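Coordinate analysis (summary)
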Amino acid sequence: MAARRVSSLLSRSFSTSSPSPFRSQGRNCYNGSRVVRRFGTSSAAEKIISPSVQVSYTQLLIDGNFVDAASGKTFQTIDPRTGEVIADVAEGDAEDIDRAVKAARKAFDEGPWPRMTAYERSRIMLRYADLVEKHSEELAALETWDNGKTYQQAKTAEVPMLARLFRYYAGWADKIHGLTVPADGNYHVQTLHEPIGVAGQIIPWNFPLLMFAWKVGPALACGNTIVLKTAEQTPLTAFYAGKLFLEAGLPPGVLNIVSGFGPTAGASLASHMDVDKLAFTGSTDTGKVILGLAANSNLKPATLELGGKSPFIVFEDANINKAVELAHFALFFNQGQCCCAGSRTYVHEKVYDEFVEKAKARALKRVVGDPFKKGIEQGPQIDSRQFEKVMRYIRSGVESNATLECGGDQIGNKGYFIQPTVFSNVKDYMLIAQDEIFVQVRRADTNNIVDLAQHRLVNGRFVGVGFRDVDEVIKRANETRYGLAAGVFTKSLDTANRVSRALKAGTVWVNCFDVFDAAIPFGGYKMSGNGREKGIYSLNNYLQIKAVVTALNNPAWI
């Protein structure tokens, strides 16, 4: 089950040089006229563990070879535990994207990949999954080192899911087929499901390996070639994963990987005239830009997996202890850097007080520290910009006279560790209630408790109040421009069915949260994007449908 609780996404962030609104003074925090007890966390200032993996691949993967950027430029990828440099990585730009697209085009038009049998493609993907398992420790260590997520999460959940996803898509490779269609008249009609061609893919930094699989798996199963741009914060595991594909026998040019920045490499990929299809995971605002670039170039189709502001609805008959634990998981998982985080928690007024007290108590127990250490639940934020953005929001909450119940400060003096933070007496007009923060900050007001998880900053309206009946909570839960996911907690089958059908969200979890199986489709309603990833529906993103109509001369039957 642990391997199924994984999620995705990218955030837009802004930075501030403003200092923390308060510094730790023992275990107390002064907020206006109220002093609230602080909680203890594992000290991030303790000795940092040195990862047992070498960084061997920092160049671009183009046409089966690791090469320097055409400009010779590099950029630094940073250890979020310390703020220190892990490695210098090739900085791809428009010229490198063009080289990669040309390699992918040649591999598609002239190479063996789309022409080999689907069974042979599936065998290569299965060999790749075996190699992922063989090198699971290296992949997990690189993911933790470059991203800051716990090693336990990377090793026991995300790397196994990486292998599972490629085995799943390997199974689909030889089961993609068209139909024979009856038509009026003497005609034989068939539909062909053809690979779309060169797929451009842009993945985020919060789940680098899983997003790699969500994008690359279905594209390869359908017989396409790929140019993938990594997030500049987390390029290392994609290069290692690409190296394993070469070892598995993937032909040169089928998978090309370019590290670089959005305004240069990302924009060039989205607007390239020889890219046939685009897939992007990230913020809604960036998704709009991506869609415009795709449309204004060659009108390439684009699938977008974007932001969310997911409701987490707890009814009076719910198992409160389980709901509290899942609410905690839904917000703090992956340092809160998760697009489908349950960041609007609605609690029925009859169980509100019990829920609030238990939720606060659970947050106080959360252990923050070096993600390579056993027992650590939460690592650092991804980088300095994300860290500074979070601290700005915390300061805003204090200045708006919200009550800081706990947390709100940096842990240690190195890296980007922040205490899990709980605010109470928050009003809907406050900035911390209006924006998605992509951080582990929980809001509690007089009617409800809501976690403002580490979430994408897209100026989404935050709504969260206690509720009395089903109609009210359905209406309020749908009062958002997003529709990525939702959680419903009740013992009533009738309530679960009614609410899950009424919620305008791509995924609704009932008495569970963040269950991500390879076969379960994922994607959003409204401004949370279009298209679906994972499952059978993801294959549609990478296929063209062609109708072939042949006249029949005196057929025996039609």
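Residues numbered from 1 in each chain as written. Predicted model: local features only at pLDDT ≥ 70, side-chain atom pairs only at ≥ 80, totals over all residues. Heavy atoms only, no water.

Our focus in this paragraph is the overall build of the protein. Check the secondary structure of the protein and you find 14 helices and 25 strands. Out of the 558 residues in the protein, the part that is buried amounts to 60%. When contacts within the protein are restricted to residue pairs at least 6 apart in sequence, those whose partners lie at least 24 apart make up 73%. Accessible surface, the protein: about 21100 Å² in total, of which carbon and sulfur atoms supply 50%. (Helix = DSSP H or I, 4+ residues; strand = E, 2+ residues; numbered from the N terminus. Buried < 20%, exposed > 50% of the residue type's maximum accessible area, 1.4 Å probe, protein only. Contact = heavy atoms within 4.5 Å. Areas by Shrake-Rupley, 256 points an atom, 1.4 Å probe, with all protein chains shown as cover.)

Here we take up the packing of aromatic side chains. Inspection of the entire model under this criterion finds 21 aromatic pairs. With 4.9 Å between their ring centres and 75° between their planes, Y128 and F166 make a pair best called edge-to-face. Within this pair, whereas Y128 is found in helix α2 (residues 118-134), its partner F166 is found in helix α4 (residues 151-172), the two being separated by 38 residues in sequence. Here the two residues Y128 and F166 agree in accessibility, since each one is buried. Among the aromatic residues, those joined into a cluster by ring pairs are W214, F312, F489, W509, F513, F516 and F522. Looking at R121, its charged tip hangs above the ring of W113, at a distance of 6.0 Å from the centre. Residue placement shows K277 over the ring face of Y542; its charged tip is 5.5 Å from the ring centre. (Phe/Tyr/Trp six-rings, centres within 6.5 Å; stacked < 30°, edge-to-face > 60°. Lys NZ or Arg CZ within 6 Å of the ring centre and 35° of its normal.)

Let us now look at the sheet that holds strand β14 (residues 311-314). Pairing in this open sheet of 4 strands is parallel, and the strands run β15-β14-β21-β22 from one edge to the other. Edge strands, defined here as strands with exactly one partner in the open sheet, are β15 (344-347) and β22 (507-510). Within the sheet, the average angular offset between the axes of one strand and its neighbour, ignoring direction, is 15°. Taken together, the 3 bridges between β14 and strand β21 (residues 485-489) define a ladder with parallel strand orientation. Residue I313 lies in a different strand from β21, and its bridge partner there is V488. Along the sheet, helix α9 (residues 320-332) contacts β14 and β21; its crossing angle with β14, the most-contacted strand, is approximately 170°. (Pairing = 2+ DSSP bridges. Axes fitted to C-alpha atoms, helices over the stretch in contact; angles between N-to-C directions.)

UniProt marks E305 with the feature "active site" (unreviewed entry), using the numbering shown here. Inspection of the secondary structure assignment puts E305 in strand β13 (residues 302-305). Taking the relative accessible area as the measure of exposure, E305 reaches 2% and is therefore buried. (UniProt positions renumbered as here; feature names shortened; annotations may be inferred.)

Quick look at the confidence of the model for the protein now. Of the residues in the protein, 84% have a pLDDT of 70 or more, and the chain-wide mean is 86. In the predicted structure, residues 1-45 sits below a pLDDT of 50 and forms 154 contacts with residues beyond four places in sequence or in another chain. Throughout residues 439-465 the model reports pLDDT below 50, and contacts reaching past four residues in sequence, or to other chains, amount to 173 contacts. (pLDDT = per-residue confidence, 0-100.)

A few words now on the pattern of salt bridges. Scanning the entire structure with this criterion turns up 25 salt bridges. Close ionic contact of K215 with E533 constitutes a salt bridge, the shortest N to O distance being 3.0 Å. Placement of K215 in helix α5 (residues 208-221) and of E533 in the loop between β24 (529-530) and β25 (543-551) is noted, with a sequence separation of 318 residues between them. A relative accessible area of 9% places E533 in the buried class. (Salt bridge = Lys/Arg side-chain N within 4 Å of Asp/Glu carboxyl O.)

The next thing to look at is helix α14 (residues 493-502). All buried positions along α14 are accounted for by T495, A496, V499 and S500. One face of α14 carries all of its buried residues, which in axial projection span an arc of 115°. Those residues of α14 that are exposed and aimed more than 90 degrees away from the buried face are L493, D494 and R501. The secondary structure elements touched by the buried residues of α14 are β14, α13 (470-477), β21 and β22. (Arc of directions from axis to C-beta.)

This part takes up empty space enclosed by the protein. If a probe the size of a water molecule is rolled over the atoms, the empty space left behind becomes visible. Enumeration according to the criterion identifies 4 cavities of 30 Å³ or more in this entry. Considering only enclosed or pocket space, the largest cavity measures out at about 60 Å³ in volume. If you trace the largest cavity, you find 14 residues lining it, with P311, R344, Y482, G483 and A485 closest to the centre. For the lining of the largest cavity, the class distribution of residues is 6 nonpolar, 4 polar and 4 charged. (1 Å grid on protein atoms, 1.4 Å probe; cavity = no way out; pocket = protein on both sides within 12 Å on 5 of 7 lines; lining within 4 Å. Points joined across faces, edges and corners; volume = space filled by probe spheres on them. Nonpolar A, V, L, I, M, F, W, Y, C, P; charged D, E, K, R; others polar.)

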